[in-house]
Amino acid sequence: MPLFIRNGQIVTASDVYQADICCQDETITGIGRNLTVPPGATVIDAGGKYVFPGFVDPHVHIHLPFMGTYAKDTYETASRAALVGGTTTLIEMVCPARSEEPLAAFELWKSKAEARSFCDFTFHMGATRYDSLAESQLKEIVAAGVSSFKVFLAYKGAFGVDDAELFQVMRLAKSLGVIVTAHCENADAIAMRQKEFIAAGKTGPQWHEPSRPESVEAMGVQHLTAFAAMHDTHCYIVHTSCEPAARLALEARARGGHVWVETLIQYLTLDKTHAELPDFQGSKFVMSPPMRDKRNQPFLWNNLANGNISTVATDHAPFDFKSQKEMGREDFTKIPNGIPSLEDRVNMLFTAGVNSGKLDLRRFVDCASTQAARLFGLYPRKGAIQTGSDADLVIFNPKYRGVISAKTQQMAVDYNPFEGMSIEGRAEAVTVRGQVVVSDGKFVGREKRGRFLKRDPNHF
Ligand code: URP
Ligand code: ZN
Ligand code: ZN
């Protein structure tokens with residue numbers, strides 16, 4: 001059935017204008033003033049609302065075996081949460097244990113998503129070991145439509161690679177035209193600090209941040225960009241939390257490196273005082289890199305606004321407070337690392353960024369949708385409002401006022417890190433390839449139509 005969106009304020013990464021949008025057969029077929037409504041079309045009146053391209057979250061975890069447990073969401077719950085929050089495309093990290101073969105892991109992660117997701121999805125392939133088998137399987141995975149790798153410099157013994165492996169991943173990525181996304185922290189420095197703190201009886205969640213300080217993240221960025229430069233490989237620093245780490249990434253770019261920076265909505269709006277909350281409440285805010293001192297936030301906002309920081313993601317990794325964060329009550333190093341945020345990224349960014357004057361409206365679309373689509377080979381199918389683009393659209397009401405609460409969320413986890421915070425604006429209607437899946441802010445999708453998005457390498 002055709003879809004017609006009437007008289008919205010269309011906002012893309014480059015333009016703001018008033019127009020109608022017509023969609024047929026899953027794609028946008030017309031954009032203009034006073035278009036004719038096709039017979040039988042579903043009509044949405046977008047007067048007084050913004051129409052954004054569907055938002056893209058370039059860093060989520062859904063199936064995640066990690067620190068002795070599993071992240072809580074399934075594709076059903078996560079994609080519902082994403083859509084209610086205006087995110088229509090997910091890029092999930094495939095994170096195999098070092099003992100697993102990459103191809104089997106890729107098939108496993110794909111099987112968790114296929115026929116279970118309400119929105120489209122793709123993957124960054126975790127390169128968590130390197131040998132001849134891994135190399136040939138990574139090549140197969142790229143040929144199957146995955147044009148980005150993920151490396152972890154942290155989590156030694158779990159997902160982390162050593163320097164010889166990092167060297168080879170960078171070389172392979174360059175030869176295949178693949179971008180390498182990277183978790184940058186110095187694993188050995190963290191392990192030593194953790195040991196010292198636990199031995200000294202510093203066992204609470206407030207010690208998580210001091211155990212992996214800003215310098216540890218900055219060291220990781222320095223290390224990663226040096227290895228990328230050796231092969232001229234494109235790299236993307238995920239979850240950048242602080243000024244020293246971001247500065248080193250930007251300096252590497254200034255030297256000619258192909259380096260992009262992601263930050264998270266958590267780092268822009270929460271800080272380390274949250275992880276210092278009493279009664280183990282701080283564990284709800286334990287993730288890596290940690291919540292930082294608030295003094296980092298002006299730097300992050302300014303560099304997001306001017307485009308030095310390309311994207312805002314979530315690193316969505318939901319663990320229940322009651323049963324899972326509890327695993328680290330006596331020892332913060334055992335608290336499953338991760339924060340749920342998939343549902344709230346767009347509304348929080350609009351509220352804290354656009355409404356507070358820190359972010360231009362077009363740059364908001366750019367950093368929450370278009371840049372991720374461009375960097376990861378999805379543009380202009382995603383991240384754009386153009387004829388021929390997928391009809392993934394967000395009709396956004398800037399006048400909506402509400403309060404975030406775990407009681408009303410879609411995410412399958414027992415808390416929300418933004419609990420009690422006000423949002424100014426929300427996704428009122430959302431479409432996935434021309435079908436309405438959110439109406440009046442509520443999920444109304446029925447079919448799990450989400451598709452695996454194949455991406456070609458060498459799209460830079
Ligand atoms: O603490 C985090 N970030 N958990 C998820 C895994 C990762 O490092 O991205
Ligand atoms: Zn990470
Ligand atoms: Zn992550």
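Scroll up to find the structure.
Colleague: An account of the sheet that holds strand β10 (residues 120-126) is needed here, citing residue identities and associated values.
Modeller: One open sheet accounts for eight strands, arranged β6-β9-β10-β11-β12-β13-β14-β15; its pairing is parallel. Here the strands that pair on one side only, and so sit at the sheet edges, are β6 (55-60) and β15 (311-313). Between one strand axis and the next, the sheet turns through 30° on average, direction left out of account. Here strand β12 (residues 179-183) pairs with strand β13 (residues 235-237) via three bridges, running parallel. Within β13, the residue paired with Val 180 across the bridge is Cys 235. On top of the sheet, helix α13 (residues 361-375) reaches β6, β12, β13, β14 (259-264) and β15; it is set at about 65° to β6, its chief contact.

Colleague: How would you summarise the coordination of the zinc ion (ligand 2) if you had to cite specific residues and measurements?
Modeller: Only His 183 (ND1) and His 239 (NE2) from the protein coordinate the zinc ion (ligand 2), and they sit 2.0 to 2.1 Å from it. One can describe the donor arrangement at the zinc ion (ligand 2) as irregular, given that its four donor atoms subtend angles of 56 to 149° at the metal. The metal-metal distance between the zinc ion (ligand 2) and the zinc ion (ligand 3) is 3.8 Å. In this pair, His 183 is assigned in strand β12 and His 239 in the loop between β13 and α8 (243-254), connecting sequence segments 56 residues apart.

Colleague: Mind laying out the nonpolar core, listing which residues take part and the relevant values?
Modeller: Ranked by size, the top nonpolar core spans 122 residues in total, and within it Phe 52, Phe 149, Leu 224, Leu 349 and Phe 364 carry the most contacts. Here Phe 52 is in contact with Val 11, Phe 350, Leu 361, Phe 364, Val 365, Ile 385, Asp 392, Leu 393, Val 394 and Phe 396, once residues within four sequence places are set aside. Counting 15 residues, the second-largest nonpolar core is a separate cluster that includes Ile 5, Ala 19, Ile 21 and Ile 28.

Colleague: Please set out empty space enclosed by the protein residue by residue, giving values where relevant.
Modeller: Applying the stated rule across the entire model yields two cavities of 30 Å³ or more. There is about 130 Å³ of room inside the largest cavity. Among the residues making up the lining of the largest cavity, the classes are represented as seven nonpolar, seven polar and two charged. Considering only enclosed or pocket space, the second largest cavity measures out at about 40 Å³ in volume. Surrounding the second largest cavity, Ser 241, Tyr 267, Leu 270, Asp 271, Arg 292, Asp 293, Lys 294, Asn 296, Gln 297 and Leu 300 form its lining. Taken together, the residues of the lining of the second largest cavity break down into three nonpolar, three polar and four charged.

Colleague: Which residues make up the coordination of the zinc ion (ligand 3), and what values do they have?
Modeller: Angles between donor atoms at a metal ideally measure 109.5 degrees for a four-coordinate tetrahedral arrangement and either 90 or 180 degrees for a six-coordinate octahedral one. Within the protein, His 59 (NE2), His 61 (NE2) and Asp 315 (OD) serve as the donor atoms for the zinc ion (ligand 3), at 2.0 to 2.1 Å. Each of the four donor atoms bound to the zinc ion (ligand 3) contributes to angles spanning 86 to 138°, and the resulting shape is irregular. On the basis of relative accessible area, His 59 is assigned to the buried category, the value being 0%. Since its relative accessible area comes to 7%, Asp 315 is described here as buried.

Colleague: Can you break down α13 residue by residue, with the values?
Modeller: The first and last C-alpha atoms of α13 sit 20 Å apart over 15 residues, in line with the 21 Å expected at 1.5 Å per residue. Where α13 bends most, the angle comes to about 50°, and this point is Cys 367. Within α13, 13 of the 15 residues are buried, leaving the element largely enclosed by the surrounding structure. In the stretch just after α13, Gly 377 is the one whose phi turns positive, near 75°.

Colleague: So what about the pattern of salt bridges? Which residues, and what values?
Modeller: Under the counting rule described, the total for this entry stands at 30 salt bridges. We note a salt bridge from Asp 131 to Arg 129, for which the minimum N-O separation is 3.0 Å. The exposure class of Asp 131 is partly exposed, given its relative accessible area of 32%. A residue is classified by how much of its surface remains accessible, and Arg 129, at 13% relative accessible area, is buried. When salt bridges that share partners are traced, they join Glu 26, Asp 120, Arg 381, Lys 382, Asp 390, Asp 392, Arg 433, Arg 449 and Arg 451 into one network.

Colleague: Kindly report on the packing of helix α4 (residues 163-176) against helix α7 (residues 214-231), identifying the contributing residues and their values.
Modeller: In the contact formed by α4 and α7, the axes pass within 9 Å of each other and the chain directions differ by 45°. Between α4 and α7, the angle falls in the class oblique. For the pair α4 and α7, the crossing hand works out as right-handed. Contact residues: α4 offers Asp 163, Leu 166, Phe 167, Met 170, Arg 171 and Lys 174, while α7 offers His 223, Leu 224, Phe 227, Ala 228, Met 230 and His 231. Residue composition of the contact of α4 with α7, by class: seven nonpolar, two polar and three charged.

What counts, and at which threshold
Residues numbered from 1 in each chain as written. Chains lettered and ligands numbered in written order. Predicted model: local features only at pLDDT ≥ 70, side-chain atom pairs only at ≥ 80, totals over all residues. Heavy atoms only, no water. Pairing = 2+ DSSP bridges. Helix = DSSP H or I, 4+ residues; strand = E, 2+ residues; numbered from the N terminus. Axes fitted to C-alpha atoms, helices over the stretch in contact; angles between N-to-C directions. Contact = heavy atoms within 4.5 Å. Donors = N, O, S within 2.8 Å, 3.2 Å for Na, K, Ca; no water. Tetrahedral: all angles 85-135°; square planar, octahedral: opposite > 155°, others 65-115°. Core = buried A, V, L, I, M, F, W, Y, C linked by side-chain atoms within 4.5 Å. Buried < 20%, exposed > 50% of the residue type's maximum accessible area, 1.4 Å probe, protein only. 1 Å grid on protein atoms, 1.4 Å probe; cavity = no way out; pocket = protein on both sides within 12 Å on 5 of 7 lines; lining within 4 Å. Points joined across faces, edges and corners; volume = space filled by probe spheres on them. Nonpolar A, V, L, I, M, F, W, Y, C, P; charged D, E, K, R; others polar. Expected span 1.5 Å × (residues − 1). Bend = angle between axes of the 7 residues up to and from the residue. Salt bridge = Lys/Arg side-chain N within 4 Å of Asp/Glu carboxyl O. Parallel < 35°, antiparallel > 145°, perpendicular 65-115°, else oblique. Left-handed = near helix turned anticlockwise from the far one by under 90°.

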